[in-house]
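Read off the chains here:
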Number of protein chains: 2
Amino acid sequence: MTDDVCQKGHKKEIMAVHDTMDVLSGKWKISIISSICYYNKRRFSDILNDVNGISNKMLSKELKELEMNKLIKRTVLDTQSVTVQYQLTEYGKTLQTIINDLTDWGMKHRKVIIGEKEK
Amino acid sequence: MTDDVCQKGHKKEIMAVHDTMDVLSGKWKISIISSICYYNKRRFSDILNDVNGISNKMLSKELKELEMNKLIKRTVLDTQSVTVQYQLTEYGKTLQTIINDLTDWGMKHRKVIIGEKEK
DNA sequence: CTGTATCCTAGCTGATACTG
DNA sequence: CAGTATCAGCTAGGATACAG
């Protein structure tokens, strides 16, 4: 918890956060990245199954955007039935820290929410 | 970069990430939190100025949601002209790690983008 | 200063069906 | 299996004006 950053803050920092969120915005993007991250390699239908509630149209669209941002790599496998594999690029892997943090926070948050309901 | 988490991944983790994003969704929420975080205490008009491009309507709305989620605390100061101060709650402070990570990534990302354009 | 209240639209999103 | 196409609804978000 680096407090030194929290002094005479900057627009620069706030913009940086905003920039990151721009790349990761969209209802599903982070979930998709997580899926690929957690499994390392992942196929279209796998992700479709991992991410609860997403439609194939949305998945396709979000994957395309992530690919454009160089966060994931698309590989068409030379198999019988068409298979496409997605992986994080090296650049995409720099998001792992963030993913981990978001996961942790989400887990804790869920407990907090549940705790509140029980009151 | 904890790789151990990235083995036989889980829906649970992916959902956790999604949950976190739910709380932080909206175009401006994270920027607002950052502003408050970086300055510790922050007034409405300050945030309005910090976060580039946001309208007062949006700020008001997002602040309300953040307050509902117990992430920030609203205090009406007893001054002449109406002044309202926002701070992170203890719970909100648990987001600091994430904010820091997002800031770092955003900074690097900007450099990457700029680098690409120069090619 | 700190919001609310309207009005309005781009585009996000889901559902469904279709293609290679 | 991995998408694309189309239609249609919703709503997030912007502009503007007003209020306490």
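Residues numbered from 1 in each chain as written. Chains lettered and ligands numbered in written order. Predicted model: local features only at pLDDT ≥ 70, side-chain atom pairs only at ≥ 80, totals over all residues. Heavy atoms only, no water.

An unreviewed UniProt entry lists chain A under the name HxlR family transcriptional regulator, from Pedobacter steynii.

Caption draft 1: Layout of the interface of chain A and chain B. Facing 55 residues of chain A, the contacting portion of chain B comprises 55 residues. Where chain A abuts chain B, roughly 5000 Å² becomes buried across the two surfaces, and 64% of that area is made up of carbon and sulfur atoms. Taken as a group, Ile14, Tyr38 and Trp105 of chain A account for 15% of the area that chain A buries against chain B, more than any other trio of residues on that side. Of the charged contacts, one joins aspartate 19 of chain A and arginine 110 of chain B as a salt bridge, the two residues approaching to 2.6 Å between their closest N and O atoms. The interface formed by chain A and chain B holds 12 residue pairs in polar contact (both at pLDDT 80 or more) in total. (Contact = heavy atoms within 4.5 Å. Buried area = accessible area lost by both parts, 1.4 Å probe. Salt bridge = Lys/Arg side-chain N within 4 Å of Asp/Glu carboxyl O. Polar contact = N/O pair within 3.5 Å; in protein donor to acceptor, adjacent residues only side chain to side chain.)

Caption draft 2: Spotlight on the sheet that holds strand E3 (residues 83-88) of chain A. All names here are of chain A. Strand order in the open sheet formed by three strands is E1-E3-E2, and the pairing between neighbours is antiparallel. In the strand order of this sheet, the two ends are held by strand E1 (41-43) and strand E2 (72-77), each with one partner. Within this sheet the neighbouring strands show an average axis-to-axis angle of 30°, counted without direction. (Pairing = 2+ DSSP bridges. Helix = DSSP H or I, 4+ residues; strand = E, 2+ residues; numbered from the N terminus. Axes fitted to C-alpha atoms, helices over the stretch in contact; angles between N-to-C directions.)

Caption draft 3: Layout of the environment of leucine 71 of chain A. Looking at where leucine 71 of chain A falls in the secondary structure, it is placed in the loop between helix H4 (56-68) and E2. Overall, leucine 71 of chain A belongs to the buried group, its relative accessible area being 0%. Leucine 71 of chain A has contacts with Val23, Ile33, Leu66, Gln87, Leu88, Thr89, Tyr91, Gly92 and Leu95 of chain A together with Trp105 of chain B, leaving out every residue within four places of it along the chain. (Buried < 20%, exposed > 50% of the residue type's maximum accessible area, 1.4 Å probe, protein only.)

Caption draft 4: Examining the pattern of salt bridges more closely. Residue and element names in this part refer to chain A. Enumeration over the complete set of coordinates arrives at 14 salt bridges over all chains. Note that aspartate 46 is salt-bridged to arginine 43, the shortest N-O span being 3.3 Å. Between glutamate 90 and lysine 93 there is a salt bridge; the shortest N-O distance is 3.4 Å. On the criterion of helical spacing, the pair formed by glutamate 90 and lysine 93 is a turn pair, its members being three residues apart in helix H5 (residues 90-93).

Caption draft 5: Highlighting the protein's contact with DNA strand C. Around DNA strand C, 19 residues are found, and the nearest of them are Lys57 of chain A together with Ser45, Ser60, Arg74 and Tyr86 of chain B. One of the side-chain N or O atoms of asparagine 56 of chain B is found 3.2 Å from a base nitrogen in DNA strand C. Mapped by element, the contributors of at least two residues to the surface near DNA strand C are H4 of chain A together with helix H3 (44-50), helix H4 (56-68) and strand E3 (83-88) of chain B. (Near = heavy atom within 4 Å.)

Caption draft 6: Representation of the packing of aromatic side chains. Throughout the structure, instances matching the rule amount to two aromatic pairs over all chains. Note on tryptophan 105 of chain A and tyrosine 91 of chain B: the rings are 5.5 Å apart at their centroids and 25° apart in plane angle, and the pair reads as stacked. Of the two residues, tryptophan 105 of chain A sits in helix H6 (residues 96-118) while tyrosine 91 of chain B sits in helix H5 (residues 90-93), which places them in two different chains. Exposure remark for tyrosine 91 of chain B: the relative accessible area of 18% places this residue in the buried category. Positioned over the ring face of tyrosine 39 of chain A is arginine 42 of chain A, at 3.5 Å from the centre of the ring. (Phe/Tyr/Trp six-rings, centres within 6.5 Å; stacked < 30°, edge-to-face > 60°. Lys NZ or Arg CZ within 6 Å of the ring centre and 35° of its normal.)

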